[in-house]
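# Structural overview for review
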Amino acid sequence: MATLQFREALRAAMTEEMERDENIFLIGEEVAEYDGAYKVSKGMLDQFGSDRVIDSPISELGFSGLGIGAAMNGLRPIVEFMTFNFSFVAFDQVVNNASNIRYMSGGQFDLPIVFRGPNGAAGQLAATHSNSTEALYSNFPGLKVVSPSIPDDGKGLLKTAIREDDPVVFLESELMYGMKDEVSEESDYTIPLGEARVAREGDDVTIVAHSKSYHVAMEAADQLEEQGYEAEVIDPRTIKPLDIETIVQSVVKTNRLVVVDESNPFASIASEVTHQVQDRAFDYLDAPILRVTAPDTPAPYAPNLLDEYMPSAEETVDACRRVLYAE
């Protein structure tokens, strides 16, 4: 194991895959000469050259379409959005073309493409740069959606995503790029899509959370332990396909569920998890499922308002105590 920043783990994944397969290339705004807006692709231009690490114009619709066409012709592009809010400019390419080409061609075309970049709110980026897009992209058949929470998962899941023959939306976090943790140095380290991780075991309440919200959940679990409660924390890792079986198994044990999700509440990932759990494990629930989400309002700019907007460990502890009838 090596201690790496999240950005370094992602870079290792891309570098190892590009060394393995000459058909893989990276394209996006400032990925080459500037080493990436968040330095995820630092040094990759020097290693692979401008034919495989490509600075694009400020035209998400254009370079996403270019990537899709390249994937249809045997290449394996990694398309970086500087923020996933900018993917809305390329929405037609991602959800109308990439997601449907295999189906509409009767399986004549594979679509091995990864759309990756930071998702969700960061520091004072205001409403147009703070959207959580997991639920949006998960709504479209044909797209796989991945949202890692720790550097090791970032590396293993990205390597798997690059090898997929279907389009993958790979959602990172700007606020997590500098996070350091242990990362596997195995020569061919991959993590299957669709397998959740039981990050912490407990018997009293299940907390499901991904990406930044996972760290909120872990902090809440620490606080609950001090109060005499053991929370089990499940990190889905892959939003679609969703490993609902692991979540249900935990709920069968704990009989209580809280879902922490940075998305706005209506039609969120938390809403989907809530429905699927009550559909499969209703008789095991001893309390209503509670959600901790962002409010149903655009993200604010002011830092004090942003702190209130984001899901917190305190809100999560409160929700867990409510389902435990400890209030």
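This section reports on the structure supplied with the text. The structure presented is a predicted model; accordingly, all values stated were derived computationally and were not measured. (Residues numbered from 1 in each chain as written. Predicted model: local features only at pLDDT ≥ 70, side-chain atom pairs only at ≥ 80, totals over all residues. Heavy atoms only, no water.)

## Considering the overall build of the protein
Scanning the protein for helices and strands turns up twelve helices and 14 strands. Whereas a compact globule of 327 residues would reach a radius of gyration of roughly 20 Å, the protein reaches 20 Å, a difference of no more than 12%. Its C-alpha atoms give the protein principal-axis dimensions of about 60 × 45 × 40 Å. Across the 327 residues that make up the protein, the buried fraction comes to 56%. The long-range fraction of contacts in the protein, counting pairs at least 24 apart against all pairs at least 6 apart in sequence, stands at 81%. Carbon and sulfur atoms form 48% of the exposed surface of the protein, whose accessible area is close to 13,700 Å². (Helix = DSSP H or I, 4+ residues; strand = E, 2+ residues; numbered from the N terminus. Rg over C-alpha atoms; globule rule 2.2 N^0.38 Å. Buried < 20%, exposed > 50% of the residue type's maximum accessible area, 1.4 Å probe, protein only. Contact = heavy atoms within 4.5 Å. Areas by Shrake-Rupley, 256 points an atom, 1.4 Å probe, with all protein chains shown as cover.)

## Structural notes on the pairing of strand 7 (residues 168-172)
Burial analysis of strand 7 places five of its five residues in the buried class, the great majority of the element. Side chains of strand 7 alternate between two faces, with Val168, Phe170 and Glu172 and Val169 and Leu171 buried alike. Of the strand pairs in this sheet, strand 5 (residues 114-118) and strand 7 are connected by five bridges, and their pairing is parallel. The partner of phenylalanine 115 across the bridge, within strand 7, is valine 169. (Pairing = 2+ DSSP bridges.)

## Comments concerning a negative patch on the surface
A grouping of Glu219, Asp307, Glu308, Glu314, Glu315 and Asp318 is seen on the molecular surface, where their side chains present a negatively charged patch. The set of elements that each furnish at least two residues to the negative patch consists of helix 11 (303-309) and helix 12 (313-323). Broken down by element, the negative patch gets its largest block of residues, three residues, from helix 12. Inspection of the secondary structure puts aspartate 307 in helix 11. (Patch = residues over 30% accessible without salt bridge, like charges linked within 9 Å, V, L, I, M, F, W, Y side chains within 5 Å. Salt bridge = Lys/Arg side-chain N within 4 Å of Asp/Glu carboxyl O. Lys, Arg positive; Asp, Glu negative; His and termini not counted. Charge placed at Lys NZ, Arg CZ, Asp CG, Glu CD.)

## Thoughts on the pattern of salt bridges
Note that side chains of opposite charge can pair when their charged atoms are close. Tallied over the entire structure, the rule returns 20 salt bridges. Linking glutamate 80 and arginine 116 is a salt bridge whose minimum nitrogen-to-oxygen distance equals 2.7 Å. Placement of the pair is glutamate 80 in strand 4 (residues 76-80) and arginine 116 in strand 5, with a sequence separation of 36 residues. Accessibility classification places glutamate 80 together with arginine 116 in one group, the buried group. The closest approach of N and O atoms between glutamate 232 and lysine 253, which form a salt bridge, is 2.5 Å. You can see glutamate 232 sitting in strand 11 (residues 231-235) and its partner lysine 253 sitting in helix 9 (residues 244-254), a full 21 residues away along the chain.

## Re the packing of aromatic side chains
Within this structure, the stated rule accounts for seven aromatic pairs. Note on phenylalanine 81 and phenylalanine 115: the rings are 6.0 Å apart at their centroids and 5° apart in plane angle, and the pair reads as stacked. Note that phenylalanine 81 is positioned in the loop between strand 4 and helix 4 (91-98) and phenylalanine 115 in strand 5, a separation of 34 residues in sequence. The residues phenylalanine 81 and phenylalanine 115 share a single accessibility class, namely buried. Over the face of the ring belonging to tyrosine 34 we find lysine 39, whose NZ or CZ atom lies 3.6 Å from the ring centre. (Phe/Tyr/Trp six-rings, centres within 6.5 Å; stacked < 30°, edge-to-face > 60°. Lys NZ or Arg CZ within 6 Å of the ring centre and 35° of its normal.)

## Concerning the nonpolar core
Judged by nonpolar contacts, the single largest core of 39 residues is most densely connected at Phe81, Phe115, Tyr137, Ile247, Leu257 and Val277. Elements that contribute at least two residues to this core include exactly strand 2 (24-28), helix 3 (60-72), helix 4, strand 7, helix 9, strand 13 (257-261) and helix 10 (269-281). Ranked by the residues each element gives to this core, the list is headed by helix 10, at five residues. When residues of this core are assigned to domains, at least three fall in each of domain 1 (2-183) and domain 2 (197-321). In contact with phenylalanine 81, not counting residues within four places along its chain, are Glu60, Phe63, Ser64, Ser87, Ala90, Val94, Phe115, Arg116, Gly117 and Pro118. Met14, Val114, Val168 and Leu193 belong to the second largest nonpolar core, which has 28 residues in total. (Core = buried A, V, L, I, M, F, W, Y, C linked by side-chain atoms within 4.5 Å. Domains from an automatic or database assignment.)

## Looking at helix 8 (residues 212-226)
With 15 residues, helix 8 should cover 21 Å at 1.5 Å per step; its first-to-last C-alpha distance of 22 Å lies within 8% of that length. Within helix 8 the residues assigned to the buried category are Lys212, Ser213, Tyr214, Val216, Ala217, Ala220, Ala221 and Leu224. Its buried side turned inward, helix 8 meets strand 9 (197-200), strand 10 (205-209), strand 11, strand 13 and helix 12. Positive phi shows up at glycine 228, right after helix 8, with a value of about 95°. (Expected span 1.5 Å × (residues − 1).)

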